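# Coordinates in review
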Amino acid sequence: MANLREIADFLKAGNAPKVKELVQAALDEGVEPTEILNDALIVGMSEIGVLFKNNEVYVPEVLIAARAMKAGMEIIKPLLVEKDVKPIGTVVLGTVKGDLHDIGKNLVGMMLEGAGFNVIDLGIDVPPEKFIEAIKENEVECVGLSALLTTTMPAMKETIEAFKAAGLRDQIKIMVGGAPVTQSFANEIGADGYAPDAASAAELAKELVS
Ligand code: B1M
């Protein structure tokens, strides 16, 4: 009998081979891919996100859990696409121009994927033009900007100004984050939201696109 709770627990423990094996076994038993996604993979990833937020687990555990999530996703993704299950929205994500830090941004991306978003990750040192290109080429609901340096925080403002100049500001929600970023800075630069950590970022993105 497929045990979705067991898949969520192995995901939280970061056991990718076991997640893969159990996801495949559940599919073989006829469990719907959406059920595996919502009731096993997303549950496990959300739970690790809460533990991370409460400092009960740390970055390595989250990265290993995220890898286990990816292993499970690899199996069901083609089936979800076949079934035409729509993601809850698309988020373009990147670390702003001049900034090379990506560990936190990657965690945010994984939590967003775990929450059911399609994530277009533009990587690090992303100039405003690259964000603009991605918004124009895709159906994007939300843009996530990450910065870890006080010296690159102004690039967040410049990026938002560039969206305005390109006439794109009103069609997207913008969330910002990264260690030196605060809610008041987010307000000051005209972002729609600020999240202090990866789990909150996924919650915020859901709110912003709902
Ligand atoms: Co750099 N670095 N670094 N660094 N680095 C910091 C950020 C620093 C605080 C270290 C220090 O001096 N104490 C300092 C910044 C000081 C400041 O500006 N106030 C600093 C500096 C100065 C530098 C260099 C300038 C050093 C130099 O060359 N002299 C240089 C700059 C390079 C550049 O970017 N142009 C530099 C380089 C590097 C490495 C390349 C060596 C490496 C980055 C590797 C990589 O990312 N692949 C590195 C690292 C690892 C760090 C520290 C040690 C760790 C950062 C990290 O990954 N934290 C960092 C010191 C520290 O933070 N203790 C430091 C773990 C990560 C999970 O947390 O990224 O905060 P964080 O992400 C969190 C939240 O912030 C939030 O969610 C994440 C998960 O909860 N979050 C978002 C992040 N993005 C979000 C987006 C959102 C929402 C939430 O919405 C879109």
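Residues numbered from 1 in each chain as written. Predicted model: local features only at pLDDT ≥ 70, side-chain atom pairs only at ≥ 80, totals over all residues. Heavy atoms only, no water.

## Some thoughts on the overall build of the protein
Definition in use: Here a strand is any run of E in DSSP of at least two residues, a helix any run of H or I of at least four, and the numbering for each starts at the N terminus. Only the C-alpha atoms count toward the radius of gyration. The rule for a globule is 2.2 Å times the residue count to the power 0.38. The cut-offs for exposure are 20% and 50% of the maximum accessible area for each residue type, with area from a 1.4 Å probe on protein chains only; residues under the lower value are buried, those over the upper are exposed, and the others partly exposed. By definition, residues are in contact when any of their heavy atoms lie within 4.5 Å. We score Asp and Glu as negative and Lys and Arg as positive, and we do not count His or the chain ends. Charge placement uses NZ in Lys and CZ in Arg. For Asp and Glu, CG and CD serve respectively.
Tallying secondary structure elements over the protein gives 9 helices and 5 strands in all. In the protein, the succession of helices and strands from N to C terminus is α-α-α-α-β-α-β-α-β-α-β-α-β-α. Against the globule reference of 17 Å for 210 residues, the protein gives a C-alpha radius of gyration of 17 Å, in line with a compact fold. Dimensions of the protein, computed from C-alpha atoms along their principal axes, come out at roughly 55 × 35 × 25 Å. Taken across its 210 residues, the protein has 50% of its residues classed as buried. Residue pairs at least 24 apart in sequence account for 72% of intrachain contacts in the protein once pairs closer than 6 positions are excluded. A gap of 2 Å separates the mean positions of the 19 positive and 32 negative side-chain charges of the protein.

## Side note on the domain arrangement of the protein
The test is simple: All the domain ranges listed were derived from an automatic or database domain assignment. Simply put, the buried area is the total loss of 1.4 Å probe accessible area from both parts when two parts are fitted together. Throughout this description, the term salt bridge denotes a Lys or Arg side-chain nitrogen within 4 Å of a carboxyl oxygen of Asp or Glu. Any N or O atom pair separated by 3.5 Å or less is treated as a polar contact, with the protein-specific requirement of one donor-capable and one acceptor-capable atom, and with residues adjacent in sequence counted only for side-chain atom pairs. Residue classes follow a fixed rule: Ala, Val, Leu, Ile, Met, Phe, Trp, Tyr, Cys and Pro count as nonpolar, while Asp, Glu, Lys and Arg count as charged, and any other residue, Gly among them, counts as polar.
Along its sequence, the protein is organised into domain 1 (4–82) and domain 2 (90–209). A straight line from the C-alpha centre of domain 1 to that of domain 2 covers 25 Å. The partner domain 2 presents 12 residues to the 12 residues of domain 1 that form the contact. Carbon and sulfur atoms supply 78% of the area that domain 1 and domain 2 bury against each other, a total of about 1000 Å² over both sides. Counting the surface domain 1 buries against domain 2, the share from its top three residues, Met-45, Lys-53 and Leu-63, is 37%. For the salt bridge of Lys-53 with Glu-203, the shortest nitrogen-to-oxygen distance reads 3.8 Å. For the interface between domain 1 and domain 2, the tally reads 0 residue pairs in polar contact (both at pLDDT 80 or more). When residues of the side of domain 1 that touches domain 2 are traced back to their parent elements, those giving at least two are α3 (33–53) and α4 (59–82). Taken together, the residues of the side of domain 1 that touches domain 2 break down into 8 nonpolar, 2 polar and 2 charged.

## Brief notes about the site of the ligand
In plain terms, the rule: Here a residue is near a molecule or strand as soon as one of its heavy atoms is found within 4 Å of it.
The local shell around the ligand holds 27 residues, among which Leu-100, His-101, Asp-102, Ser-146 and Thr-150 are the closest. Here Gly-178 contributes a backbone N or O atom positioned 3.5 Å from a nitrogen atom of the ligand. A distance of 3.2 Å separates an oxygen atom of the ligand from a polar atom in the backbone of Ala-198. Secondary-structure elements contributing two or more residues to the shell around the ligand are α5 (103–114), β3 (142–146), β4 (173–177) and α9 (198–209). A class-by-class count of the residues in the shell around the ligand yields 16 nonpolar, 8 polar and 3 charged.

## Here's the deal with the nonpolar core
How we decide: Put simply, a nonpolar core is a bunch of buried Ala, Val, Leu, Ile, Met, Phe, Trp, Tyr and Cys residues held in one set by side-chain atoms that sit within 4.5 Å of each other.
In terms of nonpolar packing, the biggest core is built from 49 residues, with Ile-7, Val-23, Ile-36, Leu-41, Ile-76 and Leu-112 touching the most fellow members. It is α4 that contributes the most residues to this core, 10 residues altogether. Structurally, this core is a two-domain feature, drawing no fewer than three residues from each of domain 1 (4–82) and domain 2 (90–209). Ile-135, Phe-163, Ile-172 and Phe-185 belong to the second-largest nonpolar core, a separate cluster that totals 29 residues.

## Thoughts on the side chain of Thr-95
Following the sequence through the fold, Thr-95 ends up in strand β1 (residues 90–95). Separated by 2.9 Å, the side chain of Thr-95 and the backbone oxygen of His-101 make a polar contact. The contacts of Thr-95, once residues within four sequence positions are left out, are His-101, Asp-102, Lys-105, Gly-123, Ile-124, Asp-125, Val-126 and Ser-146.

## Quick look at the pattern of salt bridges
Pairing is possible between side chains that carry opposite charge, provided their charged atoms lie close to one another. Taken as a whole, this structure holds 8 salt bridges when the rule is applied. Note that Asp-9 is salt-bridged to Arg-5, the shortest N-O span being 2.7 Å. You can see Asp-9 and its partner Arg-5 sitting in helix α1 (residues 4–12), 4 residues apart, about one turn around the helix. The exposure class of Asp-9 is partly exposed, given its relative accessible area of 36%. For Arg-5, the salt bridge identified is with Glu-47, shortest N-O distance 2.8 Å. With Arg-5 in helix α1 and Glu-47 in helix α3, the pair connects residues that are 42 residues apart, well separated along the chain. Note on Glu-47: relative accessible area 25%, which makes it partly exposed.

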